[in-house]
Structure formats: C-alpha cells, structure tokens
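A look at the structure
Each chain, written out:
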Amino acid sequence: MVHSITNNVTVNDCANIILAAGGSAIMAQDEREVAEITSRSDALSLNMGALRAQEAMLLSAHAAKRRKRPVILDPVAAGASRLRGEMCARLLEAGLVSVVRGNASEVWALMTGAQHTLGVEVNALDQVTEQNLSESARRVSLFSRETGAVVLLSGALDIVSDGKCTAVLRGGSEMMRRITGAGCMLTSLTAAYCGANPENLFEAAVAASGVMKTCGELAYRRVCEEMEGTASFRTRLIDAVSMLTGSDLAAKLRVQIL
Ligand SMILES: Nc1ncnc2c1ncn2[C@@H]1O[C@H](COP(=O)(O)OP(=O)(O)OP(=O)(O)O)[C@@H](O)[C@H]1O
Ligand SMILES: Cc1ncsc1CCO
Ligand SMILES: [Mg+2]
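Just so it is clear, the model here is predicted, and its values are computed rather than measured. (Residues numbered from 1 in each chain as written. Chains lettered and ligands numbered in written order. Predicted model: local features only at pLDDT ≥ 70, side-chain atom pairs only at ≥ 80, totals over all residues. Heavy atoms only, no water.)

1. Points about the site of ligand 2
Going by this rule: Here a residue is considered near a molecule or strand provided that any single heavy atom belonging to it is located within 4 Å of it. Using a 1.4 Å probe, accessible areas were evaluated by the Shrake-Rupley method; residue-level cover was limited to the displayed protein chains. Only protein atoms enter the 1 Å grid, on which a cavity is a set of points fitting a 1.4 Å probe that cannot get out and a pocket is an open set with protein on both sides within 12 Å along at least 5 of 7 lines, lining residues being those with an atom within 4 Å of a point. Any molecule with more than half of its atoms within 2 Å of a cavity's or pocket's grid points is counted as sitting in it. Under the scheme applied here, ten amino acids are nonpolar (Ala, Val, Leu, Ile, Met, Phe, Trp, Tyr, Cys and Pro), four are charged (Asp, Glu, Lys and Arg), and all others, including Gly, are polar.
By nearness alone, every residue bordering ligand 2 is listed as N7, V9, T10, V76, V120, T180 and C184. Coverage of ligand 2 by the protein amounts to 75% of the 280 Å² it exposes when considered alone. According to the grid-proximity analysis, the pocket containing ligand 2 is the largest pocket. Class assignment of the residues belonging to the shell around ligand 2 gives a composition of four nonpolar, three polar and no charged.

Next comes the structure, spelled out in structure tokens:
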C-alpha cells in the first residue's frame, strides 16, 4: 500500500502503475487524515508537484518516520523555484527521506542549490552520458552519503546509489521523455518496491529502475509495430508493467555495478 501526495497532472498514471505492479494505491492530502493514512501504508511517496500540500507532506513524513516506513521524494522541478528547493532541503535535512528519485537537473539542483531548470524536464546540459558517467556516479554517491538517502537519478542512463554501492541501468526508450509522468510513475514504482522490500531500499530502487527501463522498451516496440504515437505509448507502458514476468525481466535486465 503506497500513500502518495502527488501532482494533479499525473496522479492517475501513478495510481495505475502501482496497481499494475501488484500494489495498492491511496492518494490523500487532507492534513486532518494524512498521518493516519501514512501509518497504515507500507510506503509514502512525496511529489513536489503537489507543493500546496506542504503541511500534509510534513505530517505524513513524520508519521512514516515514527513507523519506520520508507519515504520516497520526487523533487519535481526542484531548480525552478526557491520554494521547491527549500521544501526538499527541509525534508532531507530532517532525515525524513529514504529515497530520492529525480532527473539529473533536479538532483544537481538539490546538491548545489542552483536554479537553472525552467520546468519539470531535464536540462540537456545536465544529462548523464557515457562520457560523464563516472563523474556523475561519483556525485550521486556523494549526495547519497550526504543525505543518508538512496538516490535514483533517471535519464537515458539511470544511476542508483546508497553511498556504498552504485549501479547503472541502460535501456528504456527516448519516447519516455515525450510523455509527461514517466518520472512520476518511476517514483511510484520505487515506492511500491520499497514498501515491499523495506530492508533493502537500494535493491528496491534498482528493481524499479530496471522494470521501468524494460517496460519502456516493450512499450516502444509495441507502438512501433502498431504505428501508434505518444498517448498510446503511455498506455502501453502501464500494460507492460502489468504483464511483465520475472523471466522477461531477467532476460532483459542490464545492471552494471560500478
Ligand atoms: N533518453 C532516454 N532514453 C531511455 N530512457 C529514458 C530516457 N530519458 C528518460 N528515460 C527513462 O524515463 C523514465 C523517466 O525518467 P525521467 O528522467 O525522464 O523523469 P522526469 O524527468 O522526472 O519525468 P516527468 O517529470 O515527466 O515525470 C525513467 O525510467 C528513465 O530511465
Ligand atoms: C507537468 C508537471 N507539472 C508539475 S508536476 C508535472 C508532472 C511531471 O513531472
Ligand atoms: Mg519529474
């Protein structure tokens, strides 16, 4: 059971991907009930696209900490306004975050306080490439040690680190960037797997990254076969998660431990 405080743009996709993965979803933001809902859930997902629910986020995060439930932070557009960066910093500095899942611009903004992202999408200059991979992985690992949170930085290459071990996952599809919410869905999937595997959040984050990359490939293959576009891709992505088997995943998964 994942309790999500998330944005209105992608909330339905977030609920559906959790269900597709075998979890249950509850979206709740009212300050009078959130602590109770979090206490009864296995994981809490906080998405900065729902910044109006700041008080609810803090109440929920404290409830999760009391119950030792993992808290997954999606720092949506962390570099786009001071308020977003400050709220993320507040949660991180209070030790309320177990896993951070963001794109490169968001993670670098949290690390440096820089505000050069215009919106929710990654800035091309920030992206992880094969050329800057080892330096990027070093920074992600450092950020994980600084915050005590597992960090999942997503993009063409996903990097996952718990400060000791760092993994790189390749694959997925360019089309994942042409829909809104692939990142929010990855955050939701991460929360579902962290709720199911609270003893090993690094492994849970690697699993979420690997499932999303694999399903992005399966969905892309399907839309190409059917000559479909981005709206169908979004549907096919959730379809692929709901139909994925362990052997499909084992056959496709490519995890490199650095
Ligand atoms: N160029 C790419 N090639 C392959 N996979 C990609 C690419 N870009 C993103 N992805 C995948 O898309 C998913 C979402 O990651 P992304 O970094 O785009 O999130 P985001 O920027 O937070 O998205 P949003 O805010 O729109 O939800 C991840 O599974 C990631 O691996
Ligand atoms: C487009 C958008 N704006 C705030 S949240 C969100 C969803 C993708 O992050
Ligand atoms: Mg995002």
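Next, the rest of the story.
2. Brief notes about the sheet that holds strand β7 (residues 158–161)
How we decide: In this analysis, strands are considered paired if DSSP registers two or more bridges between them. Secondary structure follows DSSP: runs of H or I at least 4 residues long count as helices, runs of E at least 2 residues long count as strands, and numbering of each begins at the N terminus. Between the N-to-C directions of two axes lies an angle of 0 to 180 degrees, each axis being a line fitted to C-alpha atoms and, for a helix, fitted only over the stretch in contact. The contact rule is simple, with two residues in contact once any of their heavy atoms fall within 4.5 Å.
Spatially, the nine strands line up as an open sheet ordered β2-β1-β3-β4-β5-β6-β7-β8-β9, and their pairing is mixed. The sheet terminates laterally at β2 (25–27) and β9 (255–257), the two strands that pair on one side only. Each strand of the sheet is rotated relative to its neighbour by a mean of 20 degrees, with strand direction disregarded. Looking at chain direction, β7 and strand β8 (residues 166–169) are connected through four bridges and run antiparallel. Each residue of the ladder has a partner; that of V160, found in β8, is A167. Across the sheet, helix α3 (residues 54–66) touches β1 (2–5), β3 (43–47) and β4 (71–74), and the angle it forms with β3 is around 155 degrees.

3. A short note on the pairing of β4
Here is the key point about a regular strand: its side chains alternate between the two faces of the sheet. The line we're drawing: Between buried and exposed lies partly exposed: a residue is buried under 20% and exposed over 50% of the maximum accessible area for its type, with that area taken using a 1.4 Å probe on protein chains only. Orient the strands so they point away from the viewer, and a crossover whose first-strand-to-second-strand path over the helix runs clockwise is right-handed.
Covered by surrounding structure in β4 are V71 and L73 together with I72 and D74, the residues of both alternating faces. Regarding the hand of the β-α-β motif, the stretch spanning β3, α3 and β4 is right-handed. Pairing analysis gives two bridges linking β4 to strand β5 (residues 99–103), with the strands arranged parallel. Following the sheet pairing, L73 is matched in β5 by V100. After leaving β4, the chain enters helix α4 (residues 82–93) and then returns to the sheet as β5, a path that is right-handed.

4. Focus: the UniProt feature "binding site: ATP" (unreviewed entry) in the protein
Convention followed: UniProt positions are given in the numbering used here, feature names are shortened, and annotations may be inferred rather than shown by experiment.
The UniProt entry lists R101 and S154 under the feature "binding site: ATP" (unreviewed entry), expressed in the numbering used here. A maximum C-alpha distance of 7.3 Å is found for the annotated residues, which run over 54 residues; spatially they form one tight group. Those annotated residues from the list above that line the largest pocket are R101 and S154. Relative to the helices and strands, R101 is located in strand β5. In contact with R101, other than residues within four places in its own chain, are L73, D74, P75, L152, S154, G183, C184, L186, T187 and T190. Relative to the helices and strands, S154 resides in strand β6 (residues 150–154). Owing to a relative accessible area of 13%, S154 belongs among the buried residues under this scheme.

5. Structural notes on the site of ligand 1
For the record, the criterion: Counting of polar contacts relies on pairs of N or O atoms within 3.5 Å, with two restrictions inside protein: one atom must be capable of donating a hydrogen and the other of accepting it, and residues adjacent in sequence are counted only when both atoms are side-chain atoms.
Taken together, 21 residues form the shell around ligand 1, and within it N103, S154, D158, G183 and K213 come nearest. A distance of 3.0 Å separates an oxygen atom of ligand 1 from a polar atom in the side chain of R101. Here an oxygen atom of ligand 1 sits 2.7 Å away from a polar atom, N or O, in the side chain of K213. In isolation ligand 1 has 630 Å² of accessible area, and contact with the protein removes 93% of it. Taken atom by atom, the bulk of ligand 1 overlaps the largest pocket. By residue number, the principal contributor to the shell around ligand 1 is helix α7 (residues 182–196), which donates four residues.

6. Quick word on empty space enclosed by the protein
The condition that has to hold: Grid points are joined across faces, edges and corners, and a volume is the space filled by probe spheres set on the points.
Throughout the structure, instances matching the rule amount to one cavity of 30 Å³ or more. Empty space within the largest cavity amounts to approximately 50 Å³. Taken together, L169, R170, G210, K213, T214, E217, K252, L253 and R254 make up the full set of residues lining the largest cavity. Looking at which element gives the most residues to the lining of the largest cavity, the answer is helix α8 (residues 201–226), with four residues. When grouped by side-chain class, the residues that make up the lining of the largest cavity number two nonpolar, two polar and five charged.

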